[in-house]
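# A structural walkthrough
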Amino acid sequence: AANLPREARALLIAIAEGESDPAAKAQGISPYFILVGGGSFETMPDLKGANGFPSWGGRRFPTGISHAAGRYQFQPATWKGTVKMFPAGSVPAFRNPGDQDWGAWLLAKSDFKTRATVDKELFDRLRFGSLDEVGSILQPTWTSLSDGTFPSRYTAALAVLPVVEPVLEPPTPPWSPSPPVPVPTPAP
């Protein structure tokens, strides 16, 4: 979750805790490469036109077949839609953990804004600790979230993430800047 705010990283940890991390840990698989129901997609071919999403037959559950994969258990269509949320010119790849992180953050912000009735900015809610209804608003996207599970997961994740103090002065460059070029003074 490089370059994401601390609150966003805590949200991602809270999501993954219920979506992929326990199964991946039990199987010794990176949560970024886990398939729904277990197993790794690391050696599977890519689904055509899905930016590195694995091509596989899915797993049958009582509710139907799921093709979910990765740390945040994206479905292929959801990943394809999320790719469109990345900045223009970027080419996100599902097999890149950083892109899965950014994709989940972009999806969470978008879904939250669409579903929330007030205070529609997810980052502001997280930053100010207004966790009411965050779980239920994001539950249609990540079924393990609820108003009962989210606050404790998020708070625990936030507690272990380091607080980075803002830099008040620019860092000293690792090189010696060139001395200024003297400008001749015009004669009077």
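So, how was this worked out
Residues numbered from 1 in each chain as written. Predicted model: local features only at pLDDT ≥ 70, side-chain atom pairs only at ≥ 80, totals over all residues. Heavy atoms only, no water. Helix = DSSP H or I, 4+ residues; strand = E, 2+ residues; numbered from the N terminus. Phe/Tyr/Trp six-rings, centres within 6.5 Å; stacked < 30°, edge-to-face > 60°. Buried < 20%, exposed > 50% of the residue type's maximum accessible area, 1.4 Å probe, protein only. Salt bridge = Lys/Arg side-chain N within 4 Å of Asp/Glu carboxyl O. Arc of directions from axis to C-beta. Contact = heavy atoms within 4.5 Å. 1 Å grid on protein atoms, 1.4 Å probe; cavity = no way out; pocket = protein on both sides within 12 Å on 5 of 7 lines; lining within 4 Å. Points joined across faces, edges and corners; volume = space filled by probe spheres on them. Nonpolar A, V, L, I, M, F, W, Y, C, P; charged D, E, K, R; others polar. Core = buried A, V, L, I, M, F, W, Y, C linked by side-chain atoms within 4.5 Å.

### Some details on the overall build of the protein chain
The number of helices and strands found in the protein chain is seven helices and two strands. Seen in sequence order, the protein chain has helices and strands lined up from the N terminus as α-α-β-β-α-α-α-α-α.

### Comments concerning the packing of aromatic side chains
Applying the stated rule across the entire model yields eight aromatic pairs. On the numbers, 5.6 Å between centres and 35° between planes, the contact of Phe41 with Phe94 is tilted. Separated by 53 residues along the polypeptide, Phe41 in the loop between helix H2 (21–27) and strand S1 (59–61) and Phe94 in the loop between helix H3 (76–83) and helix H4 (97–115) bring together distant segments of the chain. In this structure, Phe41 and Phe94 share a single accessibility class: buried. Consider the rings of Trp79 and Phe94, whose centres lie 5.0 Å apart with planes at 75°: the pair is edge-to-face. A residue pair is termed long-range when its members are at least 10 positions apart, and Trp79 in helix H3 and Phe94 in the loop between H3 and H4 qualify at 15 residues. A residue is classified by how much of its surface remains accessible, and Phe94, at 0% relative accessible area, is buried.

### Focus: the pattern of salt bridges
The final tally for this structure, using the stated rule, is six salt bridges. The salt bridge partner of Arg125 is Asp119, with a shortest N-O separation of 4.0 Å. Take Asp119: its relative accessible area is 55%, and that puts it in the exposed class. Notably, a salt bridge pairs Asp124 with Arg127, separated by 2.6 Å at the nearest N-O pair.

### A closer look at helix H7 (residues 150–160)
Those residues of H7 that sit buried are Phe150, Arg153, Tyr154, Ala157 and Leu158. Seen from one end, H7 has its buried residues packed into an arc of 125°, which puts them on one side. In H7, those exposed residues whose orientation departs by more than 90 degrees from the buried face are Ala159 and Val160. On its buried side, H7 packs onto helix H1 (6–19), helix H5 (122–127) and helix H6 (134–138).

### Quick word on the layout of surface pockets
In this structure, the largest pocket spans a volume of roughly 240 Å³. Looking at the largest pocket, it is lined by 15 residues, and the ones nearest its centre are Glu19, Gln73, Thr141, Trp142 and Thr143. Grouping the constituent residues of the lining of the largest pocket by class yields six nonpolar, eight polar and one charged.

### Brief notes about the nonpolar core
Counting residues in each nonpolar core, the largest one holds 47 residues, and the members touching the most others are Leu11, Tyr72, Leu122, Leu138, Trp142 and Phe150. Secondary-structure elements contributing two or more residues to this core are H1, H3, H4, H5, H6 and H7. Considering each element in turn, this core owes the most residues, seven residues, to H1. Beyond its immediate stretch of four places on either side in the chain, Leu11 contacts Trp105, Ala108, Leu122, Leu126, Leu138, Phe150 and Tyr154.

### Brief notes about the environment of Thr143
One can find Thr143 in the loop between H6 and H7. Take Thr143: its relative accessible area is 64%, and that puts it in the exposed class. A C-alpha to C-alpha distance of 9.3 Å links Thr143 and Ile15, two positions 128 residues apart in sequence.

Note that all results are geometric; they support no functional claim without further evidence.
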